[in-house]
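Summary of the model geometry
Here is how the chains run, residue by residue.
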Amino acid sequence: MLAEERRKLRAACERDNKQMFAARTEITDLKARVEELKKYEADYKDKYEEAKSHRERVEQIISKDKDLAGKDVELLRRLREVQESLKAERQKSDSIEIDLIAEKVKAETADEAHKASQATLNELRKTMLRLNRQWSLLSLTWGGCNIMVLRMLLIPS
């Protein structure tokens, strides 16, 4: 009986040793797995921080892009205003240039008309002088009162 109890005890101890060995192996495997997970966790934390930092940079860039887009819109609006102002000034300048050309044409026409009227006036004066001479000759020839009156009317003083 004692031998049998020893055998049972040995069998129980062996079973316990196997269970303990299996438990220790499992604990060692779990500790290794925990270390591996801690390493992955650290890697993921680093990647998370990197991604978070990258996201913040992207958000800053997007914010700057929005600010620049707003400034671009404002600059485009101002550019359009300047272009419209320049267009209006160009139209005004063109209108003034057309008016100036018209005034030059008027001045040239007026100058030509003045020259023509001076020429006509000179012709009329020559004609008047010629007629005046003829009347003077008539008054000398006829010698009368009525001719003298005509002469006084025709000759400018």
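Below, the structure is looked at part by part.

How each quantity is defined
Residues numbered from 1 in each chain as written. Predicted model: local features only at pLDDT ≥ 70, side-chain atom pairs only at ≥ 80, totals over all residues. Heavy atoms only, no water. Helix = DSSP H or I, 4+ residues; strand = E, 2+ residues; numbered from the N terminus. Areas by Shrake-Rupley, 256 points an atom, 1.4 Å probe, with all protein chains shown as cover. Salt bridge = Lys/Arg side-chain N within 4 Å of Asp/Glu carboxyl O. Buried < 20%, exposed > 50% of the residue type's maximum accessible area, 1.4 Å probe, protein only.

Quick word on the overall build of the protein chain
A tally of regular secondary structure across the protein chain gives two helices and zero strands. Here the protein chain has roughly 14,800 Å² of accessible surface; of this, 59% comes from carbon and sulfur atoms.

Remarks on the pattern of salt bridges
If you walk through the whole model with that rule in mind, you get 10 salt bridges. The partner of E36 in a salt bridge is R33, with the nearest N and O atoms 3.2 Å apart. Of this pair, E36 and R33 both sit in helix α1 (residues 2-142), three residues apart, which is roughly one turn of that helix. Here R33 falls in the partly exposed class, since its relative accessible area comes to 41%. Between E59 and R55 there is a salt bridge, and its shortest N-O distance comes to 3.2 Å. Here the residue E59 and the residue R55 both occupy positions in helix α1, the gap between them amounting to four residues, near one helical turn. For E59, a relative accessible area of 42% gives the class partly exposed. Residue class for R55 comes out exposed when judged on its relative accessible area of 56%.

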